[in-house]
Amino acid sequence: MNKRIRISAFLWLIFCSAWVVAEERLFQVEVIVFDQSAPTTELFEQTEPEIISSARYARVKRGTKTINSYYRQLDRASNYRPFFYESFQVSVKSNRISLPIKISLPSENLEGWVKIQRGQLLHVITDLEYSPADSLESEGMVYRISEKRRVLLNESHFLDHPFFGVLLKVSPVEATQ
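Each chain carries its own residue numbering, running from 1 in the direction its sequence is written. Predicted model: local features are reported for residues with pLDDT of at least 70 only, side-chain atom pairs are reported and counted for 80 or more only, and whole-chain, interface and lining totals are derived from all residues. The side-chain numbers reported here are obtained from all heavy atoms of the structure, hydrogens and water having been left aside.

J.: With reference to specific residues and values, describe the sheet that holds strand E3 (residues 80–93).
T.: Across the sheet, five strands lie side by side as E2-E3-E1-E10-E9; this open sheet has antiparallel pairing. Pairing within the sheet leaves two strands with one partner each, and these edge strands are strand E2 (61–62) and strand E9 (156–160). Strands are labelled as partners when DSSP assigns at least two bridges between them. Counting from the N terminus, the helices are DSSP H or I runs at least four residues long and the strands are E runs at least two residues long. Summarising the sheet, E2 and E3 pair through two bridges and their orientation is antiparallel. In the sheet register, Arg62 faces E3, and the bridge partner there is Phe88. Contacting strand E1 (24–36), E3, E9 and strand E10 (164–172), helix H2 (residues 68–76) crosses the sheet at an angle of about 160° to E3. Note on definitions: a residue-residue contact is assigned when non-hydrogen atoms from the two residues lie within 4.5 Å. Only the stretch in contact is used when fitting a helix axis, every axis being a line fitted to C-alpha atoms; angles between N-to-C directions are given from 0 to 180 degrees.

J.: Could you give an account of the nonpolar core, with specific residues and numbers?
T.: Side-chain atoms within 4.5 Å are what join buried Ala, Val, Leu, Ile, Met, Phe, Trp, Tyr and Cys residues into a set we call a nonpolar core. Exposure classes here rest on a 1.4 Å probe applied to the protein chains alone. A residue is buried below 20% of its type maximum, exposed above 50%, and partly exposed in between. Counting residues in hydrophobic clusters, the biggest one holds 29 residues, and the most contacted among them are Val33, Ile103 and Val166. A total of five residues in this core trace back to one element, the largest contributor, which is E3. What Val166 contacts, discounting residues up to four positions off in sequence, is Val31, Ile32, Val33, Phe34, Leu128, Ile145, His157, Phe158 and Leu159. Judged by nonpolar contacts, the second largest core, of six residues, contains Ile32, Phe34, Ile67 and Leu74.

J.: Residue-level account of the pairing of E9, with values.
T.: Going residue by residue along E9, you find His157 and Leu159 tucked away on one face and Ser156, Phe158 and Asp160 left uncovered on the opposite face. Inspection of the sheet shows E9 paired to E10 by five bridges, in the antiparallel sense. Paired with Phe158 across the bridge in E10 is Leu167. The loop that links E9 with its antiparallel partner E10 comprises three residues.

J.: Tell me about the pattern of salt bridges, residues and numbers included.
T.: By convention in these notes, a salt bridge is any Lys or Arg side-chain nitrogen within 4 Å of a carboxyl oxygen on Asp or Glu. All told, the structure shown has six salt bridges when counted by the stated rule. One salt bridge connects Asp127 with Arg144, and the closest N-O pair in it is separated by 2.7 Å. Taken together, the residues span a long stretch of sequence, with Asp127 in strand E7 (residues 122–130) and Arg144 in strand E8 (residues 143–151) at a distance of 17 residues. Relative accessible area serves as the criterion here: at 6%, Asp127 is assigned to the buried category. Where salt bridges share partners, they join Glu50, Asp127 and Arg144 into one cluster.

J.: Explain unusual backbone geometry residue by residue, including any values.
T.: Residue Asn95 is not a glycine yet carries a positive backbone phi of 60°. Turning to its location among the elements, Asn95 is positioned in the loop between E3 and strand E4 (96–97). In this structure, Asn109 is a non-glycine residue whose phi angle is positive, near 55°. What makes Asn109 partly exposed here is its relative accessible area of 35%.

Function-wise, these values are silent; they only describe arrangement.
Right under this line is the structure:
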């Protein structure tokens, strides 16, 4: 009987520790997308969208915008044109990948998503496509950033493509927010 109690207690402990490990945490994800017109000699052949839409997207709340200064700097620079800036709050379980956060701005031909992967390290997984509508040299072209990047909390990270870029920041949301 004593052995049965010890085994039951041990299994209960494992169950409780697994529950703690799988705890859900809320993150704020800020995303700035911008067009860049720096000269490049790279050639691109993608003319059709390749992103596969998700059947489900994350239910997000609006977050606080904390990287406004970067948006203003990009806006003042002659080679950059920021056209998308949003802040989202999304919950992610430990050792899981969030549902995708839908990124869409049809007026700028921007479509895609961002996911947060929470494990030993934190990663951002992006898949964004942008097709500039007002450029003769890139008419009909679709530019894509599909990347998985390790990120540090509360730091800005830059995802680069010769024709557009993404600036993002992931921050933990405190329980009081």
